[in-house]
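Architecture at a glance
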Amino acid sequence: MTASSGLLAQPFVRRDPVPAAPPPALVGGPVAWIRRNLFSSLTSTALTLAAVLLLALILPPLLRFLVFDAVWTGENRDACRPEVLGRPVGACWAFVANKINYFVYGSYPIEARWRADVFFALLAFGLAWMLWLDAPRRDLGAAYFFVVFPLASYALLAGVPALGLPAVPTSLWGGMLVTIVVSLVGIVVSLPFGVLLALGRRSRLPVVRLVCVIFIEFWRGVPLITVLFMANVMLPLFLPGDVTVDRLVRPLVGIALFSSAYMAEIVRGGLQAMPRGQFEGAMSLGLGPWLTMRLVILPQALRIVIPGIVNSYIALFKDTTLVSIVGIFDFIRTIESARVDPNWAAPTVSVTGYAFAALFYFLFCFGMSRYSRFVERRLSASHAR
Amino acid sequence: MTAQALPEIDPDLAPANTSVTRLAAAPTVVTLDRVNKWYGAFHVLRDVDLTVRKGERIVICGPSGSGKSTLIRCINRLEEHQAGRIVVDGIELTNDLKKIDEIRREVGMVFQHFNLFPHLTVLENCTLAPIWVKKMPKAQAEELAMRYLTRVKIPHQASKYPGQLSGGQQQRVAIARSLCMSPKIMLFDEPTSALDPEMVKEVLDTMVGLADEGMTMLCVTHEMGFARQVADRVIFMDEGQVVEVNTPDAFFRNPQHERTRLFLSQILH
């Protein structure tokens, strides 16, 4: 441009506007993409080749074991024994298929398993209502999920003899049912409880603050496994002889409080990220401290910490496996006891059981992770700053 | 709208004389009586006295750190004063939370950085307080909000989020949001300082319109053209004290205090 080329020879006034033009065409196509992303430099090329090599080493044996050499049907150990089949045997999925009811329900009485099925259906319904962001009447959905559903589930699973549902002691509950119940209680309790603790920790009242700090630091300072042992072994010693707390409820409470403490710190991070102007804007309109929190601060603060919340949920979901150590028959424990069944004594049965467990946990955790990414993208798209 | 326009204003148009008669019979809405405030050991407000009558428009100016923002933030208790009395609309500001919320309902505030709620649409920003504080039915609150959004000339942006608007538009939404609570007094804390130069006028025009309708206004601003056009009184503060109070005409034409003269010579170049 002449006008900007140093010394002003003559004044410049634009007469003909420069129209907006499309950007220059990028070199497209898969070859260009590969060159740009995989082989742009020597390091990049080396890393790409190393990754390909690694995949080549891992994938074929994994697929051979899980799929090509796998046994899909069978009634007992003979189906999965190489000396009977006369070929190498991979995963023994027949074992999983044969034991699937045990993995899902544990020792829950067979004639009452429909109740667990109804529970799963109610859960799926509630989850769909809550997770589908454009669903109608999500306020009703929340009421259902946080009030109606827990009560109905308890009545269904534990039984109410007065309503014709015979009681099922928790010692018979097991499998995925227990894993889901334990993590669901942890997930549902820890968020509201964690929010309250986080607010308490930022309270202006010193007593409230102190109580919250002590609570949070206590639970964060103790390993979960210790909490579970305390709940199952020590707690009964402190209670009067005639008072008993259900053996599933005790670790359940422990896990809920434990995860609440972690959630509190995550939420506190979000609260601290809120600019002071948001508080002032809300207060200047006459919104009191509670309404300010509920309508202005928390919706934004929680949105900021979605990755942290989901991270904590994923950790919690996997940590529920620890309840198996204090004698609760969760999903892992059912696999542990099924894999030593002499009827299914075959070389790959144990590995298959663990592979099945890994698949189960991975699907749930990956699902949570993807869902949270989806929510983040949705929220950031709807109010781009 | 800056001070360059100053010399061209006809002194006869200045509101100095008219405001005296207009306000003579008006009741007092804000009283500050020897108000003092400290940030730690720093004395930010020193013996500030001020009486504001209904319908009065006051512009507060002064160098940064002079306590002018702190002063108006004390009026709706975003800052707490430590000595002296503040009475707003007959209610004395104490630690009574009920009374504080009562006063905040009567006093609207517009901030330098708008402080709109980014997670709510423009319309929701405006209806939030009427619905939750005044318990107004949603439909009625939305009608009210649309009326004020129309008045600040952005009704067509109602369903957008604040982040999608320009600075000037955001500030006008903030004004509409305050007006939805039908406040008796409006506080403006440097409402145009964070705006691009091209957006200042649209916000000032909105404020002038508000003044013309008789709103009681306290504005911390350096827009001297605005002060000349609408203010009944200009207050100049320095180091936490009120240094000079005068009609805008006399204030700009014939500043009395040496500090005022220095300040004006710095900003009216």
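Read on for a plain summary of the structure. Predicted, not measured: the structure shown is a model, and the values here were computed from it.

**Here we look at the overall build of chain A**
- Along the backbone of chain A there are 15 helices and zero strands.
- By the compact-globule yardstick of 21 Å for 385 residues, chain A is too spread out, its C-alpha radius of gyration being 29 Å.
- By its C-alpha atoms, chain A is 100 × 65 × 40 Å across when sized along the principal axes.
- Expressed as a percentage of its 385 residues, the buried residues of chain A come to 40%.

**Details of the environment of Asp249(B)**
Residue and element names in this part refer to chain B.
- Positionally, aspartate 249 belongs in helix 9 (residues 248–253).
- Separated by 11 residues in the primary sequence, aspartate 249 and threonine 260 have C-alpha atoms spaced 14 Å apart.
- Among the polar contacts made by the side chain of aspartate 249, one reaches the side chain of arginine 228 at a distance of 3.1 Å.

**Description of the packing of helix 5 (residues 113–131) of chain A against helix 7 (residues 175–201) of chain A**
Residue and element names in this part refer to chain A.
- Remark: helix 5 packs on helix 7, axes separated minimally by 12 Å, with the N-to-C direction vectors making an angle of 40°. The angle between the axes of helix 5 and helix 7 places the two elements in the oblique class. Classified by chirality, the crossing of helix 7 by helix 5 is left-handed. For the pair formed by helix 5 and helix 7, the contact residues are Ala116, Phe119, Phe120 and Leu123 on the first element and Leu177, Ile180, Val181 and Leu184 on the second.

**Here we look at the environment of Tyr105(A)**
Residues and elements named next belong to chain A.
- Tracing the chain through its elements places tyrosine 105 in helix 4 (residues 93–105).
- Looking at tyrosine 105, the relative accessible area reads 9%, which means it is buried.
- Along the primary structure tyrosine 105 and valine 148 are separated by 43 residues, whereas in three dimensions their C-alpha atoms are 23 Å apart.
- Setting aside residues up to four positions removed in sequence, tyrosine 105 forms contacts with Arg113, Ala116, Asp117, Phe120, Leu172, Trp173, Gly174 and Gly175.
- Engagement of the side chain of tyrosine 105 in a polar contact is seen with the side chain of aspartate 117, the distance being 2.4 Å.

**A look at the state of the cysteines**
- A complete count under the given rule lists one disulfide over all chains for this structure.
- In this structure Cys61(B) is not part of a disulfide, and its nearest cysteine sulfur, from Cys219(B), lies 11 Å away.

**Comments concerning the interface of chain B and chain A**
- Each side of the interface is counted separately: chain B has 25 residues, and chain A has 23 residues.
- Note on chain B versus chain A: buried area summed over both sides is about 2100 Å², and carbon and sulfur give 62% of it.
- Taken together, chain B and chain A are joined by two salt bridges.
- Two residues, Glu280(A) and Arg73(B), come together in a salt bridge whose shortest N-O distance is 2.5 Å.
- Remark: the boundary between chain B and chain A carries five residue pairs in polar contact (both at pLDDT 80 or more).
- Mapped by element, the contributors of at least two residues to the side of chain B that touches chain A are helix 3 (97–106), strand 6 (107–110), helix 4 (122–132) and helix 6 (167–179) of chain B.

**With respect to the nonpolar core**
- Counting residues in each nonpolar core, the largest one holds 100 residues, and the members touching the most others are Trp173(A), Leu271(A) and Phe331(A).
- Tallying contributions element by element places helix 7 of chain A first for this core, with 13 residues.
- Ignoring anything within four residues of it in the chain, the contact list for Trp173(A) reads Tyr105(A), Tyr108(A), Leu157(A), Ala158(A), Val168(A), Val178(A), Val181(A), Leu248(A) and Phe329(A).
- Core analysis: the second largest hydrophobic core is formed by 49 residues, Val122(B), Cys180(B), Leu210(B) and Val234(B) among them.

So, how was this worked out
Counting of residues starts from 1 at the beginning of each chain's written sequence and follows it residue by residue. Labels are handed out in written order, letters beginning with A for the chains and numbers beginning with 1 for the ligands. Owing to the predicted nature of the model, reporting of local features is limited to residues with pLDDT of at least 70; listing and counting of side-chain atom pairs is limited to 80 or more, with chain, interface and lining totals taken over all residues. As a rule here, side-chain values come from all non-hydrogen atoms in the structure, and water together with hydrogens is ignored. The numbering of helices and of strands both runs from the N terminus, where a helix is a DSSP run of H or I of at least 4 residues and a strand a run of E of at least 2. Values of the radius of gyration come from C-alpha atoms, whereas the globule rule sets the reference at 2.2 Å times the count of residues to the power 0.38. Exposure categories follow from relative accessible area, calculated using a 1.4 Å probe and restricted to protein chains: below 20% of the type maximum is buried, above 50% is exposed, and the middle band is partly exposed. Polar contact is defined as a pair of N or O atoms within 3.5 Å, subject to the rule that within protein one atom must be able to donate a hydrogen and the other to accept it, and that residues adjacent in sequence are counted only when both atoms are side-chain atoms. Orientation is described by axes fitted as lines to C-alpha atoms, over the contacting stretch for helices, and by angles from 0 to 180 degrees between their N-to-C directions. Between 65 and 115 degrees an angle is taken as roughly perpendicular, under 35 as roughly parallel, over 145 as roughly antiparallel, and anywhere else as oblique. Whether a crossing is left-handed or right-handed is set by the direction in which the near helix is turned from the far one by less than a right angle, anticlockwise for left-handed and clockwise for right-handed. When checking whether two residues touch, look at their non-hydrogen atoms; a contact exists if any pair is within 4.5 Å. Two cysteine sulfurs form what is called a disulfide whenever their separation falls within 2.5 Å. A simple way to read buried area is as the amount of 1.4 Å-probe accessible surface that goes missing from two parts once joined, with both sides added. A pair is scored as a salt bridge if a Lys or Arg side-chain nitrogen falls within 4 Å of a carboxyl oxygen belonging to Asp or Glu. By nonpolar core is meant a set of buried Ala, Val, Leu, Ile, Met, Phe, Trp, Tyr and Cys residues that side-chain atoms within 4.5 Å join together.

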